[in-house]
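If you want the building blocks of each chain, they are given just below.
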Amino acid sequence: MISLRLKTILNLINNEKRLIDIGCDHGLVGIFALKEQRVKEVIASDINPKSLSAAKANILKYNVSNMKTLVSDGFDNIDLKEDDLVLISGMGFKTIEHIFNNDKSSIINNVIIQSNNDLYDLRKHMTKHFYIEDEKIVFEKGHYYVIIFFKKGIKKYKFIDLYLGPKIRFEEKEYVTFIYNHNKSLIDKIGNNNFIKKMKLSYINYLIKNQISYFNK
Ligand SMILES: C[S@@+](CC[C@H](N)C(=O)[O-])C[C@H]1O[C@@H](n2cnc3c(N)ncnc32)[C@H](O)[C@@H]1O
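Note that the coordinates shown come from a computational prediction; the quantities given were computed from them, not determined experimentally. (Residues numbered from 1 in each chain as written. Predicted model: local features only at pLDDT ≥ 70, side-chain atom pairs only at ≥ 80, totals over all residues. Heavy atoms only, no water.)

**Concerning the side chain of Arg5**
Heads up, the condition is: Under the DSSP-based scheme used, a helix requires at least four consecutive residues in state H or I and a strand at least two consecutive residues in state E, with every element numbered from the N terminus. Burial here depends on accessible area, computed with a 1.4 Å probe over protein chains only, as a share of the maximum for the residue type. Under 20% is buried, over 50% is exposed, and the range in between is partly exposed. In this tally, Lys and Arg are treated as positive and Asp and Glu as negative; His is ignored, and so are the chain termini. Throughout this description, the term salt bridge denotes a Lys or Arg side-chain nitrogen within 4 Å of a carboxyl oxygen of Asp or Glu. In what follows, a contact means two residues having at least one pair of non-hydrogen atoms within 4.5 Å.
Relative to the helices and strands, Arg5 is located in helix H1 (residues 4-11). Here Arg5 occupies a buried position and makes no salt bridge, while the nearest side chain of opposite charge, Glu140, is found at 5.0 Å. Here Arg5 is in contact with Ser89, Gly90, Gln114, Val138, Glu140, Tyr145 and Ile147, once residues within four sequence places are set aside.

**Considering the environment of Met126**
Along the chain, Met126 falls in helix H5 (residues 119-126). Filtering out sequence-adjacent residues up to four positions away, Met126 remains in contact with Phe100, Val111, Ile113 and Phe150.

**Looking at the nonpolar core**
In a soluble, globular protein the nonpolar side chains are often hidden away together inside. Here is the rule we go by: To qualify as a nonpolar core, a set must consist of buried Ala, Val, Leu, Ile, Met, Phe, Trp, Tyr and Cys residues joined through side-chain atoms within 4.5 Å. Where each domain begins and ends follows an automated or database-derived domain assignment.
The biggest cluster of nonpolar side chains holds 40 residues, and the ones touching the most others in it are Phe100 and Ile208. Both domains that furnish three or more residues to this core are identified here as domain 1 (4-156) and domain 2 (173-215). Discounting chain neighbours no more than four positions away, the residues touching Ile208 are Ile160, Tyr163, Leu164, Val176, Ile179, Tyr180 and Asn183. Counting residues in each nonpolar core, the second largest holds 30 residues, with Leu10, Ile13, Ala44 and Tyr62 among its members.

**So, the domain arrangement of the chain**
Assigned domains of the chain: these are domain 1 (4-156) and domain 2 (173-215). Between the C-alpha centres of domain 1 and domain 2 there is a distance of 31 Å.

**Remarks on helix H8 (residues 173-189)**
Using the following cut-off: How far a helix is expected to stretch is found by multiplying one less than its residue total by 1.5 Å. The arc under discussion is defined with respect to the helix axis, by the directions toward the C-beta atoms.
Over its 17 residues, H8 runs 25 Å from end to end, which matches the ideal 24 Å to within 8%, given 1.5 Å per residue. All of the buried residues in H8 are Tyr175, Val176, Ile179, Tyr180, Asn183 and Ile187. Take H8 and look down its axis: the buried residues cluster within an arc of 140 degrees, on one side only. H8 presents Glu174, Asp188 and Lys189 as exposed residues on the side facing more than 90 degrees away from its buried surface.

**Focus: the site of the ligand**
Using the following cut-off: Note on terminology: near, applied to a residue and a molecule or strand, indicates that one of the residue's heavy atoms is within 4 Å of it. In the analysis that follows, any N or O atom pair within 3.5 Å is treated as a polar contact, provided that within protein one partner can donate a hydrogen and the other can accept it, and provided that, for residues neighboring in sequence, both atoms belong to side chains. Using a 1.4 Å probe, the Shrake-Rupley method yields the accessible areas, and only the shown protein chains count as cover for residues. Grid points spaced at 1 Å over the protein atoms alone were grouped into cavities, where a 1.4 Å probe fits but cannot get out, and pockets, open sets with protein on both sides within 12 Å along at least five of seven lines, with lining residues defined by an atom within 4 Å of a point. Think of it this way: a molecule belongs to a cavity or pocket when more than half its atoms come within 2 Å of the grid points there.
Residues in contact with the ligand amount to 20 residues; listed here are only the nearest, Arg5, Gly23, His26, Asp46 and Ser89. At 3.2 Å, a backbone N or O of Ile47 approaches a nitrogen atom of the ligand. Between the ligand and Ser51, the relevant distance is 3.2 Å, taken from an oxygen atom to a side-chain nitrogen or oxygen of the residue. Its free accessible area being 600 Å², the ligand has 80% of it covered by the protein chains. Using a 2 Å cut-off from the grid points, one finds that the ligand occupies the second largest pocket. Secondary structure elements with two or more residues in the shell around the ligand: H1, strand E4 (84-91) and helix H4 (93-100).

Written as structure tokens, this is what we have:
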């Protein structure tokens with residue numbers, strides 16, 4: 001069995017020629033994508049050879065073919081093609097930013113990203129070259145995970161789109177309310193010596209409150 005987070009990522013993979021799973025660790029997304037015939041071929045890579053041993057063991061366990069493993073820091077050792085679907089999940093934004101800070105990334109047209117943090121920074125960074133095709137929210141083991149499908153192209157986004165997600169802000173009342181309450185507890189903790197930070201976050205929460213009123217219409 002795979003986690004709900006991985007299952008949700010898997011459901012975004014359909015009729016793909018090749019999946020490039022960067023930071024694959026256990027390799028389970030690629031394995032299940034092959035088993036469920038969502039993809040024809042998988043390259044599963046990781047910077048850490050030990051992680052790849054886990055992926056290799058799972059490839060044997062689940063008896064899948066058409067899946068190669070390879071050690072690589074991001075895209076360094078990967079021969080990317082235009083019709084590849086790239087997956088980067090379970091990492092922080094700084095690592096994702098580092099991975100995309102590689103000229104090879106300009107060839108990518110489709111990428112699924114699940115960042116563990118800094119979603120505003122992630123959306124701001126990625127929407128310089130991609131637009132947001134789809135977004136999913138998963139609540140598992142006490143955490144919200146946001147999974148974003150980016151496609152090559154440019155769309156205009158408001159601040160609130162980048163902060164909450166352009167689809168999520170209209171569809172996920174519980175998540176949006178959670179973010180509002182989380183920010184509220186942060187605002188209460190910020191001392192008056194950090195007045196600007198307090199005002200900034202208060203303004204963001206004012207925008208989120210307006211967004212919540214959309215759900216109550
Ligand atoms: C928490 S695991 C996530 C595994 C899997 N993608 C998932 O979502 O469950 C993060 C993996 O990313 C790998 N990683 C970290 N930095 C990387 C980089 N620059 N390039 C490739 N893999 C990296 C780590 O070695 C680790 O196996």
